[in-house]
Amino acid sequence: MSKVNGHMLFLAIFTVYSYHLNFAMSESWSVFDVIGPVMVGPSSSHTAGAAKIGYFARIVNGQQPKEVKLLLHGSFGKVYHGHCTDKAIIGGLLGFLPHSEKIRDAEKYAEKAGMNVEISPIDLGDTVHPNSVRIEMTNADGSFHRVRGKSIGGGKIVLREIDKVDCQIDMSYSCLLVMFSNRSLNALDIIERVKKLNVHIVKFDVGNYKDKSLLIVEIREHFSTEIIHELERIDGVDYARFLNHISNYDHFAT
Amino acid sequence: MSDSFLFYSAERLLTLINKHDELNTISDVVLKAEQELTGHTHEEILANTIDRLKVMKKSREMGMTVKSSKSGMVKDEAKRMSDFIGNEKMLLSPLMVKAASWALSVMGCNAVMGTIVAAPTAGSSGIIPGSLLAMQEDFGFSDEQTARGLLTSAGIGMIIASISTFSAAKAGCQAEVGASSAMAAAAVSELRGMSPKQCVHASALALKNMLGLACDPIAGLVEVPCAKRNAIGVCHAMTASDMAYVGIESVVPFDEVVVAMNNIAKNMTPAIRETSTGGLAISATGKKISEQLIQLK
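No experiment lies behind these values; they were computed from the predicted model shown.

### Section: the overall build of chain B
No. 1: A count of helices and strands for chain B gives 13 helices and one strand.
No. 2: Start at the N end of chain B and walk to the C end: the helices and strands fall as α-α-α-α-α-β-α-α-α-α-α-α-α-α.
No. 3: Relative to the globule expectation of 19 Å for 297 residues, the C-alpha radius of gyration of chain B, 19 Å, shows essentially globular dimensions.
No. 4: C-alpha extents for chain B along the principal axes are approximately 65 × 40 × 40 Å.
No. 5: The 297 residues of chain B split such that 58% are buried.

Written out as structure tokens, the structure reads:
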């Protein structure tokens, strides 16, 4: 009993401490968030940011989806054609980054890849950022994932919902996601496993939706696919994913 | 405990410069802050900044070849204006005609889905390249010196991003052309050897005079009024810099101007916050163009 309390106390203090330390950092903009991204136009929020949301949605999905529904909220829903938001999100779902010139022909690449896309505006209410998209992805095996993200300007994005669990992932760091059943597992059990991997944990958070919980661990390093598979072998874990931080320190002027 | 060099206000930025002997310019602080945030060395940061400068040069070169965007709302304005650089009939100095035409050029590149550097956004991506590249050419600055200007512009941008936003959907074009103009004002001021305090005043003057700017793009494209706004935004930034140069100060300090920007954003309805449902977007011409473009589809 006291061991569990000790762990809970550690968790509480660590979370508060890391949030205190990292409030500034998660709000901080790198020079190259401001002067950047290097991107294909025309809009940093409606094109570049949109592409990033699609890019990370694909990773959450674990594979390229077969059927996609793009539900565009607010300004996204109103000006998506002229801002090429649709091309950008489709490009992201195909793995294209904001600077990729392939975004211009994303629909053609989607057709080649056998990915069907439906697009429509949606009103998610006043509390949702006016540059938001909910991406619903269905796979050939029938599995389904849903990601909502917002494009907050200058190409920056925040993932706000993953499979109905609320979150605030701004991708300042790489991010490990573990979706698990909270009836049979405890977030601390998974954290213990992650701690053993010698990674620098910047901060972590746990979100819940009914009997599902999502552990979000922001780390400095890159994860190997074996670690992901190892985590998925834990009983009660639905899936594990690694969202790689997109580096601002790549050179483009070649 | 040693100081953090991260700053979220102009006040903090200037305090850091006053407190530390080795920090003399805004770009000095930005280098230190970026190193603290990312762990990259000064050399790596500068090299990366010069890379972005080079991408901006390419965008500006590419834009000069644009004859027309798909919609026809952006044509060869950049080329047209650049033909008048040094023409005595212009009221603006040759530097400003050059800078404005180059800003138009980058926006032309953006309009045809070319590669650009968002600075801080794509809709405002012409102002900083226009100003800095023109100054580099006319004053003979090296890439390293010009990159310093770029770092200073980022510093002002970081403050705006921290207190406010770069999202036109939230704050209209204040957040894009307003922010970019304020950033460029500080950048050109630092290149001119003005003090950090003067650079910040230049930014305050630039931003102050863009408050309330609507985002009402015709047909939802980043073309009208966006492209030409970048040309005027360059001149706006240089005017603010000249005013600060002669000692004119902003009565309202920069940080408070950014807070005012937030307040004004709250008072702006969605119709003028990047939904193309107000202002120019619903003008007679705006509606006509929208209709024509829908027909074409």
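Back to the write-up after that little detour.
### Regarding the overall build of chain A
No. 1: The helix and strand inventory of chain A stands at eight helices and 11 strands.
No. 2: Each of the 254 residues in chain A was classed as buried or not, and the buried ones make up 46%.
No. 3: Partitioning the intrachain contacts of chain A with sequence separation of at least 6 by distance along the chain shows that 67% fall at a separation of at least 24.

### Here's the deal with the packing of helix α9 (residues 177–191) of chain B against helix α11 (residues 226–245) of chain B
Residue and element names in this part refer to chain B.
No. 1: For the pair α9 and α11, interaxial distance at closest approach is 8 Å and the crossing angle is 45 degrees. The orientation of α9 with respect to α11, classified from their angle, is oblique. In the crossing of α9 with α11, the sense of the turn from one axis to the other is right-handed. Contacts between α9 and α11 pair Val177, Ser180, Ser181, Ala184, Ala185, Val188 and Ser189 from the former with Arg229, Asn230, Gly233, Val234, His236, Ala237, Met238, Ala240, Ser241 and Ala244 from the latter.
No. 2: Partitioning the contact of α9 with α11 into residue classes produces nine nonpolar, seven polar and one charged.

### Describing helix α7 (residues 187–195) of chain A
Residues and elements named next belong to chain A.
No. 1: If you check which residues of α7 are buried, you get Ala187, Ile190, Ile191 and Val194. Buried positions in α7, seen along its axis, are confined to an arc of 105 degrees and lie on one side of it.
No. 2: Its buried side turned inward, α7 meets β8 (174–181), β9 (201–209) and β10 (212–219).

### Thoughts on the sheet that holds β9(A)
Residues and elements named next belong to chain A.
No. 1: Strand order in the open sheet formed by four strands is β9-β10-β8-β11, with antiparallel pairing between adjacent strands. The sheet terminates laterally at β9 and β11 (237–243), the two strands that pair on one side only. Ignoring which end each strand starts from, the neighbouring axes of this sheet average 15 degrees apart.
No. 2: Here α7 sits on the sheet and contacts β8, β9 and β10; the angle it forms with β10, its principal contact strand, is near 30 degrees.

### A closer look at the interface of chain A and chain B
No. 1: Listed as interface residues are 41 residues of chain A and, on the opposing side, 50 residues of chain B.
No. 2: Elements with a minimum of two residues in the side of chain A that touches chain B: α1 (2–27), α2 (31–34), β1 (38–40), α3 (44–61), α4 (75–79) and β5 (144–153) of chain A.
No. 3: Across the side of chain A that touches chain B, the residue classes tally to 19 nonpolar, 19 polar and three charged.
No. 4: Bridge analysis of β1(A) against strand β1 (residues 115–117) of chain B gives three bridges, and the strand direction is antiparallel. If you follow Val40(A) over to β1(B), its bridge partner there is Thr115(B).

### A look at α11(B)
No. 1: Between its first and last C-alpha, α11(B) extends 28 Å over 20 residues, near the 28 Å set by a 1.5 Å rise per residue.
No. 2: Along α11(B), 14 of the 20 residues are buried, which leaves the element largely enclosed by surrounding structure.

### Focus on the sheet that holds β5(A)
Residues and elements named next belong to chain A.
No. 1: Strand order in the open sheet formed by six strands is β3-β2-β4-β5-β6-β7, and the pairing between neighbours is mixed. Here the strands that pair on one side only, and so sit at the sheet edges, are β3 (116–122) and β7 (165–169). Taking each pair of neighbouring strands and ignoring which way they run, the sheet shows an average axis angle of 20 degrees.
No. 2: Sheet topology places β5 next to strand β6 (residues 156–162); six bridges connect them, and they run antiparallel. Within β6, the residue paired with serine 151 across the bridge is isoleucine 157.
No. 3: Across the sheet, α3 lies against β4 (131–138), β5 and β6, angled at about 155 degrees from β5, the strand it touches most.

### Some details on unusual backbone geometry
No. 1: Between Gly36(A) and the following residue, Pro37(A), the backbone shows a cis peptide bond with an omega angle of 5 degrees.
No. 2: The topology assignment puts Pro37(A) in the loop between α2 and β1.
No. 3: Residue Gly41(A) is joined to Pro42(A) through a cis peptide bond whose omega torsion reads 15 degrees.
No. 4: Its place among the elements puts Pro42(A) in the loop between β1 and α3.
No. 5: Residue Met113(B) is not a glycine yet carries a positive backbone phi of 60 degrees.
No. 6: In this structure, Met113(B) sits in the loop between α5 (94–111) and β1.
No. 7: Of note, the phi angle at Glu274(B) is positive, near 60 degrees, even though the residue is not glycine.
No. 8: Summarising the element assignment, Glu274(B) is placed in the loop between α12 (254–266) and α13 (284–296).
No. 9: A residue is classified by how many C-beta atoms lie within 10 Å of it, and Glu274(B), with 35 of them, is buried.

### Concerning the domain arrangement of chain A
Residue and element names in this part refer to chain A.
No. 1: In terms of domains, chain A is made up of domain 1 (1–35 + 172–254) and domain 2 (37–162).
No. 2: Taken together, the contact between domain 1 and domain 2 spans nine residues of the former and 10 residues of the latter.
No. 3: Secondary-structure elements contributing two or more residues to the side of domain 1 that touches domain 2 are α2 and β11.
No. 4: It is β11 that contributes the most residues to the side of domain 1 that touches domain 2, three residues altogether.

### A short note on the confidence of the model for chain A
No. 1: A residue-level look at chain A finds 89% of positions with pLDDT of 70 or above and a mean pLDDT of 88.
No. 2: Here residues 12–26 of chain A is a poorly scored stretch, pLDDT under 50, and it has eight contacts once near neighbours within four places are set aside; other chains count.

### Structural notes on the environment of His201(B)
Residue and element names in this part refer to chain B.
No. 1: When you line up the elements, histidine 201 lands in helix α10 (residues 196–208).
No. 2: Residue classification places histidine 201 among the buried positions, given that 27 C-beta atoms sit within 10 Å.
No. 3: Separated by 88 residues in the primary sequence, histidine 201 and methionine 113 have C-alpha atoms spaced 35 Å apart.
No. 4: Apart from the residues lying within four places of it in its own chain, the contact partners of histidine 201 are Ala244, Glu249 and Ser250.

Cut-offs applied
Residues numbered from 1 in each chain as written. Chains lettered and ligands numbered in written order. Predicted model: local features only at pLDDT ≥ 70, side-chain atom pairs only at ≥ 80, totals over all residues. Helix = DSSP H or I, 4+ residues; strand = E, 2+ residues; numbered from the N terminus. Rg over C-alpha atoms; globule rule 2.2 N^0.38 Å. Buried ≥ 20, exposed ≤ 12 C-beta atoms within 10 Å, placed from the backbone. Contact = placed C-beta atoms within 7 Å. Axes fitted to C-alpha atoms, helices over the stretch in contact; angles between N-to-C directions. Parallel < 35°, antiparallel > 145°, perpendicular 65-115°, else oblique. Left-handed = near helix turned anticlockwise from the far one by under 90°. Nonpolar A, V, L, I, M, F, W, Y, C, P; charged D, E, K, R; others polar. Arc of directions from axis to C-beta. Pairing = 2+ DSSP bridges. Expected span 1.5 Å × (residues − 1). Domains from an automatic or database assignment. pLDDT = per-residue confidence, 0-100.

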